[in-house]
Amino acid sequence: MVAHTCDPSTSGGLGDISNDDDDMHPAAAGMADGVHLLGFSDEILLHILSHVPSTDLILNVRRTCRKLAALCLDKSLIHTVLLQKDYQASEDKVRQLVKEIGREIQQLSMAGCYWLPGSTVEHVARCRSLVKVNLSGCHLTSLRLSKMLSALQHLRSLAIDVSPGFDASQLSSECKATLSRVRELKQTLFTPSYGVVPCCTSLEKLLLYFEILDRTREGAILSGQLMVGQSNVPHYQNLRVFYARLAPGYINQEVVRLYLAVLSDRTPQNLHAFLISVPGSFAESGATKNLLDSMARNVALDALQLPKSWLNGSSLLQHMKFNNPFYFSFSRCTLSGGHLIQQVINGGKDLRSLASLNLSGCVHCLSPDSLLRKAEDDIDSSILETLVASCCNLRHLNLSAAHHHSSEGLGRHLCQLLARLRHLRSLSLPVCSVADSAPRADRAPAQPAMHAVPRGFGKKVRVGVQSCPSPFSGQAGPQPSSVFWSLLKNLPFLEHLELIGSNFSSAMPRNEPAIRNSLPPCSRAQSVGDSEVAAIGQLAFLRHLTLAQLPSVLTGSGLVSIGLQCQQLRSLSLANLGMMGKVVYMPALSDMLKHCKRLRDLRLEQPYFSANAQFFQALSQCPSLQRLCLVSRSGTLQPDAVLAFMARCLHVVMCHLFTGESLATCKSLQQSLLRSFQAERPALNVVIFPLLHEGLTDVIRDVPLVHLDEITLFKSRVAEEPPNLWW
């Protein structure tokens, strides 16, 4: 019998297990209550090891001892390899990983690995057993893609980018044979093209992301005329899921119409999910009208999203057939509450199958008639009550970008009705919707920070030093009589929460110059402040939080409560808190950040924000931080503080700072950061640029889509897509 030995000091990643789903590294410290790590059963050890990045697992942990060497090669750990957001996965590490276990890998995700060159990505061809591979965000030419796919005969699921220069005629016959067997395709288009769709004759699921810009860098206007290879006819006969998401721009609409043209000729009989996400207006054509009519006659859907112009004023929903639907999105449609109940819920029909509902921007969806109602009028609580009763198993609900004001009435407030949805895991609400129907007599107006009585956490306070009131005492604490406090008490397992002002718009929209002016907040939002923010501290499982346009945040004391109690928090987005001319919550934010040990993404948008040494010193106490985005009109920054912060926070790989600093200052700092840290951080992406500069759009186009989409650009993300749309 061989004795297993292991030196914890050489155990590679076991002391720093880090993954989106992990909370394991205390157990991985090597000793727990006097029991050595290797004393655990194999089942427990495999669970712990499943949270170690694959590169660390195979290249480090496996070499520590014989027992771990065997466990690290267990099929449960190496059949699926996820490299996305493994920012330490360098070229050498990826090549070595593929060399050692490539033949065993069946599912591989390299999504968003923008820092790896095509010559490294090409090594995927050695993974001959691959069934699923996600290469979105990776650099691949047509020839490299052809060579790689030619070797993957078992492939059934593929995700790729189609970039300028793609040429389908360069795909070999072996590559096309592989593509003919692919059933699931996700294709992100950066140029007008059918990509590999015509080669995929067995498609059952097609996801299309249109990211084509209207103009080239030289200013030339692009045409929607597709580059045609041997065939330009997609094969949709077996299609079950069709999804298209368009970035702003006319050319994206022009190209998606060409993809839809084939669908309009013959609708697949097995189609059960049809989703098109389009910002702004997208006019209905004769072809799309024929497609919708055909769908209404021939298919029963379980997921639906259509451009607002296709639904507004039409009776389409009345004729659509649904079969146990799990996802609906009517984002930005003028759908009235009456139509919602009659045409979607069918007068209160049982919709227990519905898991996700997006009513973002549907300003009239909780009122009986959209023609007679003003946006600020009170909602009809009976409509919401019917919705809650019919869709009792909802897990994701988005009601943002609208004024949903509740009238007085016992148990009829929006928050009280939503509290019945006990299965909710993500929720997005307008700030004004959580305000009490009328001012509460038990709540005195909050005072500005400089007049507040100091209530620290047992700390002595010097006279004349500004401090934050405790979120747990006095008027700054969450009031049990608050409807918002009660809502969160009834949703203890909520993981994703957004509170976004009805009139909020980010200063940095997509493909456009920065917005210089913003609309004032809703008057009802004036009664939502520090105490409501503190109430969020009840959510022990909260992982993602967005707070935008809360004008009555005075000291930010509620942020401290969140930092102390929401220990699972991974991403935080704060925008336009308090008075716009002055940042009054900086001391509270600094105090909050001390407790955010698992925070990985921070987005902060605030005019006149001073990104000084105090801010970066506080931010340096977030040991897990990976991505930072600061958007501040007329804001300032201290270059030395930024450099010191990056030197202390070794895991930060994305630093986007858009302020009021001069172009020369921004360029100098950006070059200094890249020169100092690029070599040791292969995934480092630094963009420092004046927010109001005319060249901002050209700078943004070079940001990797994974960062741009997930953090740099502000948007509501609750119920944005159907759950489990892609693996």
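Residues numbered from 1 in each chain as written. Predicted model: local features only at pLDDT ≥ 70, side-chain atom pairs only at ≥ 80, totals over all residues. Heavy atoms only, no water.

Going by what an unreviewed UniProt entry lists, the protein chain is known as Trinucleotide repeat containing 18 and is assigned to Macaca mulatta.

## Some details on the pattern of salt bridges
Quick reminder of the rule: Salt bridges are counted wherever a side-chain nitrogen of Lys or Arg sits within 4 Å of a carboxyl oxygen of Asp or Glu. Only DSSP runs of H or I with at least four residues qualify as helices, and only runs of E with at least two residues qualify as strands; both kinds are numbered from the N terminus onward. Think of it in three bands: with a 1.4 Å probe and only protein chains considered, a residue is buried below 20% of the maximum accessible area for its type, exposed above 50%, and partly exposed in between.
Taken as a whole and assessed by the stated rule, the structure comprises 20 salt bridges. A salt bridge links Glu 385 to Arg 420; its shortest N-O distance comes to 3.4 Å. One end of the pair, Glu 385, is in helix H14 (residues 381-390); the other, Arg 420, is in the loop between helix H15 (414-418) and strand S15 (426-430), with 35 residues separating them in the sequence. Looking at Glu 385, the relative accessible area reads 24%, which means it is partly exposed.

## Considerations on the packing of aromatic side chains
To be explicit about the condition: Working definition: a ring pair exists when centres of Phe, Tyr or Trp rings (six-membered ring for Trp) sit within 6.5 Å. Plane angles under 30 degrees give stacked, over 60 give edge-to-face, the rest tilted.
Applying the stated rule across the entire model yields 15 aromatic pairs. Here the aromatic cluster, defined as three or more aromatic residues joined through ring pairs, consists of Phe 609, Phe 615, Phe 616 and Phe 645.

## Considerations on unusual backbone geometry
Positive phi outside glycine occurs at Ala 401, with the angle close to 60 degrees. Locating Ala 401 in the fold gives a position in the loop between strand S14 (396-398) and H15. Accessibility expressed as a relative area gives 37% for Ala 401, which makes it partly exposed. Although it is not a glycine, Asn 576 adopts a positive phi angle of roughly 50 degrees. Mapped onto the elements of the fold, Asn 576 is located in strand S18 (residues 571-577).

## Let's talk about the confidence of the model for the protein chain
The condition that has to hold: Note: pLDDT gives the predictor's confidence per residue, expressed from 0 to 100. We call two residues contacting when some pair of their heavy atoms lies within 4.5 Å.
Of all residues in the protein chain, 87% have pLDDT values of 70 or greater, and the mean over the chain is 87. Note that residues 15-32 has pLDDT below 50 and, in this model, 38 contacts with residues that lie over four places away or in other chains. Here residues 439-478 is a poorly scored stretch, pLDDT under 50, and it has 65 contacts once near neighbours within four places are set aside; other chains count.

## As for helix H18 (residues 557-565)
Counting buried residues in H18 gives seven out of nine residues, a clear majority hidden from the surface. Among the residues of H18, Ser 557, Gly 558, Leu 559, Val 560, Ser 561, Ile 562 and Gly 563 are the ones counted as buried. Those residues of H18 that are buried are in contact with helix H17 (530-535), strand S17 (544-550), S18 and helix H19 (586-593).

## Quick notes on the packing of H18 against H19
Applied cut-off: Inter-axis angles, ranging from 0 to 180 degrees, are taken between N-to-C directions of lines fitted to C-alpha atoms, where helices are fitted over the stretch in contact. Each angle gets one of four labels, with under 35 degrees taken as roughly parallel, over 145 as roughly antiparallel, 65 to 115 as roughly perpendicular, and the rest as oblique. In this classification, the charged set is Asp, Glu, Lys and Arg, the nonpolar set is Ala, Val, Leu, Ile, Met, Phe, Trp, Tyr, Cys and Pro, and all remaining amino acids, among them Gly, are polar.
At a closest axis distance of 8 Å, the pairing of H18 and H19 adopts a crossing angle of 5 degrees. Judged on the interaxial angle alone, H19 and H18 are roughly parallel. Mapping the contact onto sequence places Ser 557, Leu 559, Val 560, Ile 562 and Gly 563 in H18 and Ala 588, Leu 589, Asp 591 and Met 592 in H19. Each residue belonging to the contact of H18 with H19 can be placed in one class, and the counts come to six nonpolar, two polar and one charged.

## Focus: the pairing of strand S19 (residues 601-605)
What counts, and what does not: Note on pairing: two strands pair once DSSP finds at least 2 bridges between them. Note on handedness: a clockwise path from strand one over the helix to strand two, with the strands aimed away from the viewer, defines a right-handed crossover.
For S19, the tally of buried residues reaches five of five residues, placing the bulk of the element in the interior. With burial as the criterion, each face of S19 is covered, one bearing Asp 601, Arg 603 and Glu 605 and the other bearing Leu 602 and Leu 604. Judged from the five bridges that link them, S18 and S19 form a sheet pairing that is parallel. The partner of Leu 572 across the bridge, within S19, is Leu 602. What joins S18 to S19 is H19, and the crossover it makes is right-handed. Sheet topology note: the S19/strand S21 (residues 627-631) ladder contains five bridges and is parallel. Looking at the pairing, Leu 602 lines up with Leu 628 of S21.

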